[in-house]
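Fold and geometry: a report
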Amino acid sequence: MDLIALEEIRRLKHRYLRCVDLKLWDDFGGVFTDDAVAEYDTPVIGKQLRLAGRTAIVDYMRTNLGPGTITTHTAGSSEIDIDGDRATGIWALEDTVILPEHKLLIHGAAFYRDVYRRGGDGLWRVEHTGHRRTYEYTMSLADVPSLKFTAGLPPAPGIDAT
Amino acid sequence: MDLIALEEIRRLKHRYLRCVDLKLWDDFGGVFTDDAVAEYDTPVIGKQLRLAGRTAIVDYMRTNLGPGTITTHTAGSSEIDIDGDRATGIWALEDTVILPEHKLLIHGAAFYRDVYRRGGDGLWRVEHTGHRRTYEYTMSLADVPSLKFTAGLPPAPGIDAT
Amino acid sequence: MDLIALEEIRRLKHRYLRCVDLKLWDDFGGVFTDDAVAEYDTPVIGKQLRLAGRTAIVDYMRTNLGPGTITTHTAGSSEIDIDGDRATGIWALEDTVILPEHKLLIHGAAFYRDVYRRGGDGLWRVEHTGHRRTYEYTMSLADVPSLKFTAGLPPAPGIDAT
């Protein structure tokens with residue numbers, strides 16, 4: 001078992017998740033190979049979202065998860081298999097997306113299936129990521145009339161990334 | 001510190017959790033020793049649930065967490081002690097069980113205390129698992145009239161397990 | 001990469017989180033250096049909370065997160081850098097605080113930035129912890145009239161800590 005690679009891959013995914021929730025889009029791009037593909041199960045928009053190439057992935061996130069959107073992506077329970085410079089990973093995800101302006105909350109769970117590649121520079125990157133939902137629901141914040149945001153509107157500026 | 005065993009035990013628990021939420025009951029059985037015991041704190045049914053033997057554990061889950069039930073079991077914060085071929089583990093759990101047909105949601109948190117054993121085949125299995133709740137609540141989905149499931153009804157078929 | 005130190009630091013943080021949610025205040029104190037500083041982003045009370053010294057940190061928690069308060073602190077996605085006997089760590093947090101008597105629930109997410117120090121006794125402790133919220137909201141349980149606690153009132157006594 002290559003314990004160093006295992007830690008590097010876990011950390012790569014943790015950085016991926018942090019960059020999404022802090023909207024650190026330039027850093028987010030660094031997580032992926034140039035030719036990375038992302039396939040997210042997004043029933044709320046009625047389809048499987050397929051984004052091909054680092055630029056497409058980053059552009060989509062930058063456009064769709066902008067300052068008016070609060071997100072948390074919590075992934076754990078990793079099951080990672082490493083074979084030389086390639087690896088696969090399963091992760092359990094729970095995510096919440098809140099669009100305060102639309103009084104909309106989307107919550108769900110999914111399992112990621114990722115592929116990682118180690119480049120000539122020795123760094124692991126995401127070559128393929130995708131998830132499939134176990135469930136997802138939407139609800140209106142109007143059903144919780146007492147709800148008040150005490151932080152996050154507008155989202156806090158990004159914490160400096162390491 | 002036996003880092004390899006530590007990773008193997010963590011992965012075992014991650015597989016356990018995934019098999020529950022994806023309803024992969026045959027794979028779920030493989031997580032346990034034949035004589036495994038599970039003791040779950042389930043105040044919602046008014047008692048401590050005690051299941052003795054792999055078959056009893058799997059049968060209970062198969063019967064009670066079937067296709068009409070959505071579950072997420074998120075466990076992290078592991079504290080694992082290894083002593084040769086035996087190990088103990090504490091994990092923090094947050095779980096949600098949704099019974100859409102009954103418009104019921106059960107949510108809570110607990111701490112697991114597990115015992116693991118390494119068999120003659122070199123594989124770690126769960127010999128004893130159990131948890132104790134810090135809290136649990138039930139609520140009716142009728143209190144959230146806008147709530148709509150966009151995935152999970154019926155639950156997605158299981159992702160192929162590794 | 002010092003894998004042993006990495007595991008020790010992760011476990012330290014897991015113990016920190018467990019001690020908070022189980023209200024094990026004496027054990028909680030053991031997580032910190034004498035001169036530890038904690039700076040929590042707590043917009044719900046309108047300020048950044050700064051606690052200097054182990055005693056001040058423990059006293060604050062003991063006073064403010066007593067038996068009438070239910071809490072869960074779930075942190076994962078660690079990104080840890082070790083440099084000899086000092087280390088830094090980023091963690092993603094999701095936390096919920098419920099005050100049943102006041103029918104109040106506070107939920108939010110944050111990123112911790114911690115500093116750890118290894119003492120002459122070889123043990124890692126938290127020298128500085130702090131977090132900054134990505135969002136936080138409060139809501140009244142009165143908006144969920146069906147909500148019933150089936151556990152946690154009063155909080156379960158602490159599980160014996162390791």
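Okay, so let's go over this structure. Everything quoted here is computed from the prediction, not taken from an experiment.

Parameters and conventions
- Residues numbered from 1 in each chain as written.
- Chains lettered and ligands numbered in written order.
- Predicted model: local features only at pLDDT ≥ 70, side-chain atom pairs only at ≥ 80, totals over all residues.
- Heavy atoms only, no water.
- Helix = DSSP H or I, 4+ residues; strand = E, 2+ residues; numbered from the N terminus.
- Rg over C-alpha atoms; globule rule 2.2 N^0.38 Å.
- Buried < 20%, exposed > 50% of the residue type's maximum accessible area, 1.4 Å probe, protein only.
- Contact = heavy atoms within 4.5 Å.
- Areas by Shrake-Rupley, 256 points an atom, 1.4 Å probe, with all protein chains shown as cover.
- Lys, Arg positive; Asp, Glu negative; His and termini not counted.
- Charge placed at Lys NZ, Arg CZ, Asp CG, Glu CD.
- 1 Å grid on protein atoms, 1.4 Å probe; cavity = no way out; pocket = protein on both sides within 12 Å on 5 of 7 lines; lining within 4 Å.
- Points joined across faces, edges and corners; volume = space filled by probe spheres on them.
- Nonpolar A, V, L, I, M, F, W, Y, C, P; charged D, E, K, R; others polar.
- Core = buried A, V, L, I, M, F, W, Y, C linked by side-chain atoms within 4.5 Å.
- Least-squares fit on C-alpha atoms with pLDDT ≥ 70 in both.
- Buried area = accessible area lost by both parts, 1.4 Å probe.
- Salt bridge = Lys/Arg side-chain N within 4 Å of Asp/Glu carboxyl O.

1. A few points about the overall build of chain A
- Within chain A, the secondary structure is distributed over three helices and seven strands.
- When the elements of chain A are put in sequence order from the N terminus, they spell out α-α-β-β-α-β-β-β-β-β.
- Its C-alpha atoms give chain A a radius of gyration of 16 Å, near enough to 15 Å, the size a compact globule of 162 residues would have.
- Considering chain A as a whole, with its 162 residues, one finds that 57% of them fall into the buried category.
- Pairs at least 24 apart in sequence give 56% of the contacts found in chain A among residues at least 6 apart.
- Approximately 6700 Å² of chain A is accessible, and the part contributed by carbon and sulfur atoms is 52%.
- Taken as two groups, the 19 positive and 24 negative side-chain charges of chain A have centres that lie 2 Å from each other.

2. Quick look at empty space enclosed by the protein
- With the rule as written, the count across this model stands at seven cavities of 30 Å³ or more.
- Its volume calculated, the largest cavity comes out at about 910 Å³.
- As for the largest cavity, its lining consists of 40 residues, of which Tyr-137 of chain A, His-107 and Tyr-137 of chain B together with His-107 and Tyr-137 of chain C are closest to the centre.
- In terms of residue class, the lining of the largest cavity is built from 22 nonpolar, twelve polar and six charged.
- Its boundaries defined by the atoms lining it, the second largest cavity holds a volume of some 660 Å³.
- Here the residues of the lining of the second largest cavity are counted per class, giving 16 nonpolar, 23 polar and seven charged.

3. Some thoughts on the nonpolar core
- Formed by 109 residues in total, the largest nonpolar core has its most connected members in Phe-28 of chain A, Phe-28 of chain B together with Phe-28 of chain C.
- Counting residues in hydrophobic clusters, the runner-up holds 30 residues, among them Leu-147 of chain A, Leu-147 of chain B together with Leu-105 and Met-139 of chain C.

4. A word on the relation of the copies chain B and chain C
- Between chain B and chain C, the superposition needs a rotation of 120° and an axial shift of 0.0 Å, giving an RMSD of 0.0 Å. Here the symmetry operator amounts to a three-fold rotation axis. Proximity to the rotation axis, assessed at the C-alpha, singles out Gly-76 of chain B in chain B; its C-alpha lies 4.1 Å from the axis.
- In this assembly the copies use different faces: only 15% of the residues contributing to the interface of chain B also contribute to that of chain C.

5. Some thoughts on the interface of chain A and chain B
- Contacts between chain A and chain B engage 27 residues on the former and 32 residues on the latter.
- With both sides pooled, the region where chain A packs onto chain B buries about 2700 Å², and carbon together with sulfur makes up 57% of that total.
- Where Asp-81 of chain A meets Arg-11 of chain B, a salt bridge forms, and the shortest distance between an N and an O atom there is 3.0 Å.
- Secondary structure elements with two or more residues in the side of chain A that touches chain B: helix H1 (3-22), strand S3 (70-83), strand S4 (86-99), strand S5 (104-118) and strand S6 (124-140) of chain A.

6. Comments concerning the interface of chain B and chain C
- Contact with chain B, which involves 27 residues of that partner, is made by 32 residues of chain C.
- Interface area for chain B against chain C, summed over the two sides, is near 2600 Å², with a carbon-plus-sulfur share of 57%.
- When the area that chain B buries against chain C is broken down by residue, the three leading residues are Glu-79, Phe-111 and Tyr-135 of chain B, summing to 21%.
- In this structure, the connection of chain B to chain C is made through three salt bridges.
- Within the residue set of the side of chain B that touches chain C, elements represented by two or more residues are helix H1 (3-21), strand S3 (70-83), strand S4 (86-99), strand S5 (104-118) and strand S6 (124-140) of chain B.

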